[in-house]
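Here is what each chain is made of, one letter per residue.
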Amino acid sequence: MRAAYVVEPSADHPVDALRVGDLDAPPAPAGWVSVDVRAGALNMHDIWSLRGVGVPPPDGPRVLGSDAAGVAGDREVIVYPVLPTAPTGRTVTHATLLPDAGHGVLAERVVVPAAHLVPKPAGLSWAEAASLPTAWLTAYRMLFTRAALSPGQVVLVQGAGGGVATAATCLAVAAGAIVMVTSRSPAKRERALALGAAVALDSGERTPELADVVVETVGPATFAHSVRSTRAGGAVVVCGGTSGFTAHLDLPRLFAREITVHGSTMGTLDELRSLVEFVDTHHVRPVVDSVVDLADIHRQAGRMLAGAGFGKLCVSLS
Ligand SMILES: NC(=O)c1ccc[n+]([C@@H]2O[C@H](COP(=O)([O-])OP(=O)(O)OC[C@H]3O[C@@H](n4cnc5c(N)ncnc54)[C@H](OP(=O)(O)O)[C@@H]3O)[C@@H](O)[C@H]2O)c1
């Protein structure tokens, strides 16, 4: 089967560490099933894997990928990519993603736990469906579980072009929130307005009003602005740090305004089901930057590394 994988990570040149070739399909453990993947999507997690950060060194080819949609038997499905240490409940802490357990999904045929299949809505393309399980699930949990977003609230989304950011913008707009975004790129600001954002600002620009909820994925480049832009009693929800992992925190502003900072990671299987239902019911289409054949995945990885994309960078495997 064709697969995208890493053998020797490269901290400095992660795209060069990306390989595409034929590998044997892994055997299915008891209770797991095969999925013929039709489309997948890249995430920053794959770049970290290519850099060799956060996972033990591979002891052979390690297939990448936590986003996939495909066919299992006669069912069109989306794959839930989290292997939690605690299989029930709302918490997903200490979660392991399928690729980190040696079962990445950027391959023509993958094996996944049978319970991890969610029906694909007929109205979504394969690439749109493959965009949901990582970035969109993360945005869903950030907004609705961690921040308990309600209609009419003001949401600030930092770094408008990212997979999580475009998801947060679409989901918050569909939920009846007033959405402000920031981006360094005028073109991305325009595109965020087209998704329904009410306000699009340059990165770091003063917001016209304070936000109830800030979706923070960028890290130190925007974190101080996130806290500065949060109203009294509001929340900053953090799921990542594309610009780095150490940020300055203005403590007086935090305590004087009684701001809450939430960490958030991925989402539960129930949250993925709720997300898929939400997307279907509200006719939300995941934002796909582009789709290329798996053979051209280096192009997508390069766009991700350069921060050039707007929405999900997808690959086709059909
Ligand atoms: N915890 C989890 O479960 C989880 C799940 C998914 C993703 N993540 C993390 O979330 C983060 C976002 O991932 P993603 O795939 O959505 O997007 P991404 O491709 O990492 O980029 C997000 C945005 O960050 C902005 N950005 C990057 N560097 C910047 C800088 N120096 N100054 C200002 N803005 C900057 C860019 O926005 P503009 O170009 O628009 O300015 C870019 O579109 C990553 O760190 C990822 O690892 C975590």
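Up top is the structure.
Novice: So what about the pattern of salt bridges? Which residues, and what values?
Specialist: Counted by the stated rule, this structure contains 12 salt bridges. R285 is paired through a salt bridge with E128; the nearest N and O atoms lie 2.8 Å apart. Of this pair, R285 sits in the loop between α8 (269-281) and β17 (288-293) while E128 sits in helix α2 (residues 126-130), and the two are 157 residues apart along the sequence. Ionic pairing is found between D202 and R189, a salt bridge with its closest N-O pair at 3.4 Å. Pair noted here: D202 is in strand β13 (residues 199-202) and R189 is in helix α5 (residues 186-194), with a separation of 13 residues, a long-range link. You can call D202 partly exposed: its relative accessible area is 34%. The exposure class of R189 is buried, given its relative accessible area of 17%.

Novice: Go over the sheet that holds strand β1 (residues 2-6), please, and point to the residues and values.
Specialist: One open sheet accounts for three strands, arranged β2-β1-β4; its pairing is antiparallel. Pairing within the sheet leaves two strands with one partner each, and these edge strands are β2 (18-22) and β4 (62-63). Relative to β2, β1 runs antiparallel, the two being bridged by five bridges. Residue A3 lies in a different strand from β2, and its bridge partner there is G21.

Novice: Before we move on, can you summarise the sheet that holds strand β14 (residues 211-216) with the specific residues and values?
Specialist: What the six strands build is an open sheet, ordered β13-β12-β11-β14-β15-β16; its pairing is parallel. Each edge of the open sheet is held by one strand with a lone partner, namely β13 and β16 (260-263). Along the sheet, successive strands turn relative to each other by an average axial angle of 20°, direction set aside. The pairing of strand β12 (residues 178-183) with β13 spans four bridges and is parallel. Across the sheet, M180 pairs through a bridge with V199, a residue of β13. Contacts from helix α3 (residues 132-146) reach β11 (154-157), β14, β15 (230-238) and β16 within the one sheet, and its direction differs from that of β14 by about 150°.

Novice: Which residues make up the packing of aromatic side chains, and what values go with them?
Specialist: Note on aromatic pairs: each is described by the distance of the centres and the angle between the planes. Enumeration according to the criterion identifies four aromatic pairs in this entry. Note on W48 and F245: the rings are 5.6 Å apart at their centroids and 40° apart in plane angle, and the pair reads as tilted. Here F245 lies in the loop between β15 and α7 (251-256) and W48 lies in helix α1 (residues 44-51), a separation of 197 residues in the sequence. For F245, a relative accessible area of 63% puts it in the exposed group. Between Y140 and F278, the aromatic rings sit 6.3 Å apart at their centres with planes inclined by 70°, giving edge-to-face as the arrangement. Placement of Y140 in helix α3 and of F278 in helix α8 is noted, with a sequence separation of 138 residues between them. Grouping residues by exposure puts Y140 and F278 together as buried. Taken together, Y140, F144 and F278 form an aromatic cluster joined through their ring pairs. Positioned above the aromatic ring of W126 is the side chain of K120, whose terminal nitrogen or guanidinium carbon lies 4.9 Å from the ring centre.

Cut-offs and rules
- Residues numbered from 1 in each chain as written.
- Predicted model: local features only at pLDDT ≥ 70, side-chain atom pairs only at ≥ 80, totals over all residues.
- Heavy atoms only, no water.
- Salt bridge = Lys/Arg side-chain N within 4 Å of Asp/Glu carboxyl O.
- Helix = DSSP H or I, 4+ residues; strand = E, 2+ residues; numbered from the N terminus.
- Buried < 20%, exposed > 50% of the residue type's maximum accessible area, 1.4 Å probe, protein only.
- Pairing = 2+ DSSP bridges.
- Axes fitted to C-alpha atoms, helices over the stretch in contact; angles between N-to-C directions.
- Contact = heavy atoms within 4.5 Å.
- Phe/Tyr/Trp six-rings, centres within 6.5 Å; stacked < 30°, edge-to-face > 60°.
- Lys NZ or Arg CZ within 6 Å of the ring centre and 35° of its normal.

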